[in-house]
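Take a look at the letters that make up each chain.
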Amino acid sequence: MEITPFSLIPSVIALAAAPLVLSVINKVKAGFAGRKGIPILQPYRDIIKLLRKRAVYSNTTTWIFKAGPVVGLVSSLTALLLLPMGSYPAIISFSGDFILLAYLFGLTRFFTVIAALDTGSSFEGMGASREVTFSALAEPALFLGLAAMTRLTGSLSLSGIFSALNVHLWVSSGPVILLVAVAIFVIVLAENARMPVDDPGTHLELTMIHEVMVLDHSGPDLAAIHYGAALKLWIMGSILVGILIPAHSGNSIMDLLAALGGMVVLAIIIGLLESSMARLRLIRIPQLLAGATGLCSIALILVLR
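This is a predicted model, so every value here is computed, not measured.

Observations concerning the packing of aromatic side chains
Scanning the model with the defined rule gives three aromatic pairs in all. Centroid distance Y57 to F65: 6.1 Å. Interplanar angle 90°. Geometry classified as edge-to-face. Given the relative accessible area of 33%, Y57 is considered partly exposed. A relative accessible area of 1% means that F65 is categorised as buried.

Written out as structure tokens, the structure is:
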């Protein structure tokens, strides 16, 4: 596929606007609680401040600890190349590219986990164990959901799936698409350490999952982790928005604005959800993820019958 300056627009927007999703979520949570909240540009300021600091490394860590944030950020940037948005196709598109996308997220998780274990901290090891357990339950739901969409649209690439989604397909197969969308929304919350799976604002190690794994990271390494996490939320949120909003009006700018509007709505929904419910008990999270897998299984059965 020929890469033109216009095909780079969605990726450039994602690189610039990914931290804004976190800002919208925080603003909604603050408004719901009757507070002013942090400035909308605070995530950018935090990343810049971390980049100006020096990283501190423990004598017990090895090169694995240093490689974790780098591999995570590079994997997120690579996954961004596979992401279509609006009527813009992905920069890199081929049959089965969604499998590579899932494995890039898995690579990020793997290096984050082994970097946490490399510190020798019992708390970070506990968070790594929880991360691996819940991801093992979330990944089947993601694959089954995307498999249902490939069967429904007849395409094995994300760009083909999104381009095939339209109003007519929603009318004829709306229940299937809705089941997959609900399941992927649960996966978005679980994979990005959002409520009710994980509380991104807590500082109690016994209840943390993702944040406890990066307690020993600092400086540019921590900045790479935060920015990579923002990109991951943007990518997974864009997949959900692409399924729910088949923006194919023929006007690329309008389609892109519709997709961006969907991202804002998704951030607002996540903020409202985190403001209105408590974190689930750890023994309930596998049930939630199993429910997402069940929804995707039903969707796949419906398109196969």
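That was the structure; now back to the text.
Description of the layout of surface pockets
Here the second largest pocket is characterised by a volume of approximately 170 Å³. Taken together, L178, A181, V182, F185, L240, V241, L244, I245, G262, V265, L266 and I269 make up the lining of the second largest pocket. At the level of secondary structure, the elements contributing two or more residues to the lining of the second largest pocket comprise helix 7 (167-191), helix 9 (219-244) and helix 10 (252-276). Within the lining of the second largest pocket, the residues separate by chemical class into 11 nonpolar, one polar and no charged.

Looking at empty space enclosed by the protein
Per the stated rule, a full pass over the model turns up two cavities of 30 Å³ or more. The space that makes up the largest cavity amounts to roughly 140 Å³. The wall of the largest cavity is formed by 14 residues, among which M85, G86, G242, I245 and A259 lie closest to the centre. Breaking the lining of the largest cavity down by element, the ones donating at least two residues are helix 9 and helix 10. Class assignment for the residues of the lining of the largest cavity results in nine nonpolar, four polar and one charged.

About the thresholds
- All residue numbers here refer to positions counted from 1 along the written sequence of the relevant chain.
- It should be noted that, the model being predicted, local features are given only for residues of pLDDT at least 70 and side-chain atom pairs only at 80 or more, the latter also being counted only at that level, while totals for whole chains, interfaces and linings use all residues.
- Excluded from the side-chain calculation are hydrogens and water; included are all heavy atoms of the structure.
- Pairing of aromatic rings covers Phe, Tyr and Trp, the last through its six-membered ring, and needs centres within 6.5 Å; plane angles under 30 degrees mean stacked, over 60 mean edge-to-face, and all others mean tilted.
- Under the scheme applied here, a residue whose accessible area is under 20% of the maximum for its type counts as buried, over 50% as exposed, and between as partly exposed, the area being computed with a 1.4 Å probe on protein chains only.
- Cavities and pockets are defined on a 1 Å grid built over the protein atoms alone: a cavity is a set of grid points where a 1.4 Å probe fits but cannot escape, while a pocket is an open set with protein on both sides within 12 Å along at least five of seven lines, and lining residues are those with an atom within 4 Å of any such point.
- Grid points are joined across faces, edges and corners, and a volume is the space filled by probe spheres set on the points.
- Numbering of helices and strands runs from the N terminus, with a helix taken as a DSSP run of H or I at least four residues long and a strand as a DSSP run of E at least two residues long.
- In the scheme used here, Gly and all other residues not listed as nonpolar or charged are polar, with Ala, Val, Leu, Ile, Met, Phe, Trp, Tyr, Cys and Pro taken as nonpolar and Asp, Glu, Lys and Arg as charged.

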